[in-house]
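Summary of the model geometry
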Amino acid sequence: MIPFSPPRIDQKIIDEVSDALRSGWITTGPRTKKFEKMITAYCGHESTLCVNSGSSGLELMLRWFGVGAGDEVIVPAYTYSATANVVVHCGAKPIFVDAGADFNMDVEKLQKAITTATKVIIPVDLAGFPCDYEEINSLVASEDIKSLFSSNSPEQKNLGRILVLSDAAHSIGARYKGKKTGTLTDVSVFSFHAVKNLTTAEGGAICLNLPEPFDNEDIYKYLCIKSLHGQTKDALAKSKAGNWQYDVIEAGYKYNMTDIQAAMGIVELERYDEDMLVKRKHIFDLYREGFTDKAWAVIPPYETAGKNSSCHVFLLRIAGVDETQRNIIISKIFDKQVSVNVHFIPLPMLSFYKNSGYSIDDYPVSYNNFSRVISLPVYYDLSDEQVQTVIRAVTESVEAVLL
Ligand SMILES: *Cc1c(COP(=O)(O)O)cnc(C)c1O
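The rules behind each value
Each chain has its residues counted from 1, running along the sequence as written. Reporting in this predicted model follows two pLDDT cut-offs: at least 70 for local features of residues, and 80 or more for side-chain atom pairs to be given and counted; totals over whole chains, interfaces and linings ignore these cut-offs and use all residues. Calculated side-chain values reflect all of the structure's heavy atoms, with hydrogen atoms and water omitted. Each aromatic pair joins two rings of Phe, Tyr and Trp (for Trp, the six-membered one) with centres within 6.5 Å, and gets the label stacked for planes under 30 degrees apart, edge-to-face for over 60, and tilted for any other angle. Each helix is a run of H or I in the DSSP string that is no shorter than four residues. Each strand is a run of E no shorter than two, and both are numbered from the N terminus. Per-residue accessibility, obtained with a 1.4 Å probe over protein chains only, is compared with the maximum for each type, and a residue is labelled buried under 20%, exposed over 50%, and partly exposed between these values. Exposure above 30% relative accessible area and no salt bridge define the residues that can form patches, which grow by joining like charges within 9 Å and nonpolar side chains of Val, Leu, Ile, Met, Phe, Trp and Tyr within 5 Å. All accessibility values rest on the Shrake-Rupley procedure with a 1.4 Å probe; residue burial counts only the protein chains present in the view. Each reported salt bridge corresponds to a side-chain nitrogen of Lys or Arg within 4 Å of a carboxyl oxygen of Asp or Glu. In this charge count, Lys and Arg are treated as positive and Asp and Glu as negative; neither His nor the chain ends contribute. A charged residue contributes its charge at one atom only: NZ of Lys, CZ of Arg, CG of Asp or CD of Glu. Any two strands with at least two DSSP bridges between them are considered paired. Think of a polar contact as two N or O atoms within 3.5 Å of one another; within protein, one of them needs to be a possible hydrogen donor and the other a possible acceptor, and neighboring residues in sequence only count if both atoms come from side chains. By definition in these notes, contact holds between two residues if any of their heavy atoms fall within 4.5 Å. For helices, the fitted axis covers only the stretch in contact; all axes are lines through C-alpha atoms, and the angles between them, taken along N-to-C directions, range from 0 to 180 degrees. Put simply, a residue is near a molecule or strand once any heavy atom of it comes within 4 Å of that molecule or strand. Residue polarity is assigned by list, with Asp, Glu, Lys and Arg as charged and Ala, Val, Leu, Ile, Met, Phe, Trp, Tyr, Cys and Pro as nonpolar; anything else, Gly included, falls into the polar class. An automatic or database domain assignment supplies the residue ranges for each domain. Expected helix span is computed as 1.5 Å times (number of residues minus one).

Let us look at the packing of aromatic side chains. With the rule as written, the count across this model stands at 19 aromatic pairs. Considering the side-chain rings of tyrosine 42 and tyrosine 272, the 6.1 Å spacing of their centres and the 80 degrees angle between planes classify their relative orientation as edge-to-face. Note that tyrosine 42 is positioned in helix α2 (residues 30-43) and tyrosine 272 in helix α12 (residues 272-291), a separation of 230 residues in sequence. Exposure remark for tyrosine 42: the relative accessible area of 14% places this residue in the buried category. For the ring pair tyrosine 80 and phenylalanine 344, a centre distance of 6.0 Å and an interplane angle of 40 degrees mean the geometry is tilted. Of this pair, tyrosine 80 sits in the loop between β2 (72-76) and α4 (82-89) while phenylalanine 344 sits in the loop between α13 (323-335) and α14 (351-355), and the two are 264 residues apart along the sequence. Assessed through its relative accessible area of 48%, tyrosine 80 is described here as partly exposed. These aromatic residues form a ring-pair network of at least three members: Phe284, Tyr287, Phe291, Trp296, Tyr302 and Phe314.

Another aspect to go through is a negative patch on the surface. On the surface, a cluster of negative charge is contributed by Glu46, Glu212, Asp215, Glu217 and Asp218. Position of glutamate 217 among the secondary structure elements: in helix α9 (residues 216-226). Judged by relative accessible area, which is 36%, glutamate 217 ranks as partly exposed.

Bringing the pairing of strand β4 (residues 118-121) into the picture now. In terms of strand pairing, β2 meets β4 through three bridges, oriented parallel. Paired with glutamate 72 across the bridge in β4 is threonine 118. By the bridge criterion, two bridges tie β4 to strand β5 (residues 163-167) in an arrangement that is parallel. Of the residues in β5, the one forming a bridge with isoleucine 121 is valine 164.

Time to look at the side chain of lysine 196. Looking at the element boundaries, lysine 196 is found in the loop between β8 (187-191) and β9 (204-208). Despite being buried, lysine 196 has no salt bridge partner; aspartate 167 is the closest side chain of opposite charge, sitting 6.8 Å away. A polar contact of 3.5 Å, which involves the side chain of lysine 196, links it to the side chain of serine 191. The contacts of lysine 196, once residues within four sequence positions are left out, are Ala169, His170, Ser191, Arg280 and His312.

Across the sheet, seven strands lie side by side as β1-β9-β8-β5-β4-β2-β3; this open sheet has mixed pairing. With one partner strand each, in any of the chains shown, β1 (47-51) and β3 (93-97) form the two edges of the open sheet. Between one strand and the next, the sheet's axes are offset by a mean angle of 25 degrees, whatever the strand orientation. Here β1 runs beside β9; their pairing, made up of five bridges, is antiparallel. Residue valine 51 lies in a different strand from β9, and its bridge partner there is glycine 204.

Bringing the site of the ligand into the picture now. Taken together, 16 residues surround the ligand, and among them Ser55, Asp167, His170, Ser191 and Lys196 come closest. Residue glycine 54 places a main-chain N or O atom 2.8 Å away from an oxygen atom belonging to the ligand. Calculation on the ligand without its partners gives an accessible area of 380 Å², and the protein chains cover 93% of this total. When residues of the shell around the ligand are traced back to their parent elements, those giving at least two are α3 (54-64) and α4. Residues that form the shell around the ligand fall into these classes: five nonpolar, nine polar and two charged.

Entries for the chain in the domain assignment read domain 1 (11-270) and domain 2 (272-402). Computed over C-alpha atoms only, the centres of domain 1 and domain 2 are separated by 27 Å. Contact with domain 1, which involves 44 residues of that partner, is made by 35 residues of domain 2. Aspartate 132 serves as the salt-bridge partner of lysine 307, at 2.6 Å between the closest nitrogen and oxygen. On the surface where domain 1 and domain 2 come into contact, there are 26 residue pairs in polar contact (both at pLDDT 80 or more). Those elements that place two or more of their residues in the side of domain 1 that touches domain 2 are α4, β3, β6 (175-176) and α11 (259-270). The dominant element in the side of domain 1 that touches domain 2, judged by the number of residues it contributes, is β3, at four residues. Looking at the side of domain 1 that touches domain 2 residue by residue, the class counts come to 24 nonpolar, nine polar and eleven charged.

Another aspect to go through is α2. With 14 residues, α2 extends 20 Å from end C-alpha to end C-alpha; this agrees with the ideal 20 Å at 1.5 Å per step. Within the span of α2, buried status applies to Arg31, Thr32, Phe35, Glu36, Met38, Ile39, Thr40, Tyr42 and Cys43. Looking at the residues trailing α2, positive phi occurs at glycine 44, about 100 degrees.

This part is about helix α16 (residues 384-402). Given 3.6 residues per turn, any residue in an α-helix points the same way as the ones three and four places further on. Over its 19 residues, α16 extends 27 Å from the first C-alpha to the last, a length consistent with the 27 Å expected when each residue adds 1.5 Å. Those residues of α16 that sit buried are Val387, Val390, Ile391, Ala393, Val394, Thr395, Ser397 and Val398. Next to the buried residues of α16 lie α12, β13 (314-318), α13 and β14 (373-376).

What follows is the structure, encoded as structure tokens:
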């Protein structure tokens with residue numbers, strides 16, 4: 001069976017994790033701080049806080065901005081549930097926006113969804129393909145939209161407009177007009193979950209890139225406290241001789257990354273551009289070549305003028321099938337010992353959101369994308385020969401249903 005996305009675990013990762021285990025310091029410490037600095041240098045934003053998941057990172061930033069009951073946060077209908085669940089955790093209301101043909105949030109529909117209650121927009125770089133950040137950033141900065149914004153926290157007052165919090169869970173290493181994700185908007189959050197491009201088993205990073213008058217380094221220091229129970233010193237600082245005293249300045253969260261996780265991340269980030277991204281793009285190219293002469297194959301955009309995807313998952317759409325036929329195709333592919341997937345079931349189709357009053361009928365493009373999509377395996381250890389096996393299995397399965 002060809003698996004869907006096993007992590008890349010080689011001797012280098014095992015050695016670095018072993019070194020962390022033997023070092024005597026396994027929770028947040030020197031390796032986490034090193035990994036943070038590496039991420040900042042890699043992307044080029046102002047400051048990075050590593051956390052225990054991408055979800056924690058998104059939620060922490062919503063809380064930092066003072067999002068709560070009565071507020072609206074705009075999220076795509078077509079994403080993983082984490083993007084919207086964190087909004088619910090804060091007591092705010094997720095407002096879904098339909099997708100475009102590239103799977104990302106449709107900016108025209110986004111504009112129509114903004115109200116006087118909108119506090120944050122969370123665009124998602126789906127499958128690693130960056131959103132239209134120039135359009136989104138200029139939208140929130142426009143006088144019309146700014147005039148709708150009312151602030152009810154010091155952070156909201158300082159920004160004076162809607163915060164753009166990018167869910168970059170899929171898109172580390174992707175570029176938009178030559179600039180890397182992490183730098184493209186106010187704040188971006190990466191996920192290092194086991195299936196993501198760069199993994200620390202579980203983990204995430206908040207990339208701070210806030211404009212004046214914010215001091216991103218000060219915010220970093222505050223978020224270190226907020227993500228560790230509001231405690232003014234972390235365990236490493238307290239372990240220094242005579243440094244046992246501490247205070248708790250708020251009922252904070254427990255979202256810190258461990259040095260065991262950071263050990264994996266350091267190894268992966270060092271070789272990410274030259275190795276992981278090259279491999280992923282190669283697999284995308286092979287899929288594109290393999291399906292290019294099939295009339296039923298809709299190849300996802302991954303390299304366009306101004307946008308370079310991180311090639312996270314290959315979202316092949318099948319033209320002219322309905323949801324039932326797509327499901328039959330998937331089971332035929334599995335019969336040929338190839339694992340595929342669907343990214344994602346639109347949130348309005350899931351019980352929790354359906355029961356909260358959302359309807360997929362309001363998001364026709366999301367449904368259309370979902371009903372025809374099959375996500376193909378993309379991972380470091382996938383060989384060219386296995387890619388050809390996937391292409392054959394998909395082609396035979398689609399043609400058995402279509403012809
Ligand atoms: C994986 C994922 C997240 C959450 O990441 P975790 O690290 O698992 O919390 C958020 N958004 C999207 C789109 C994701 O795919």
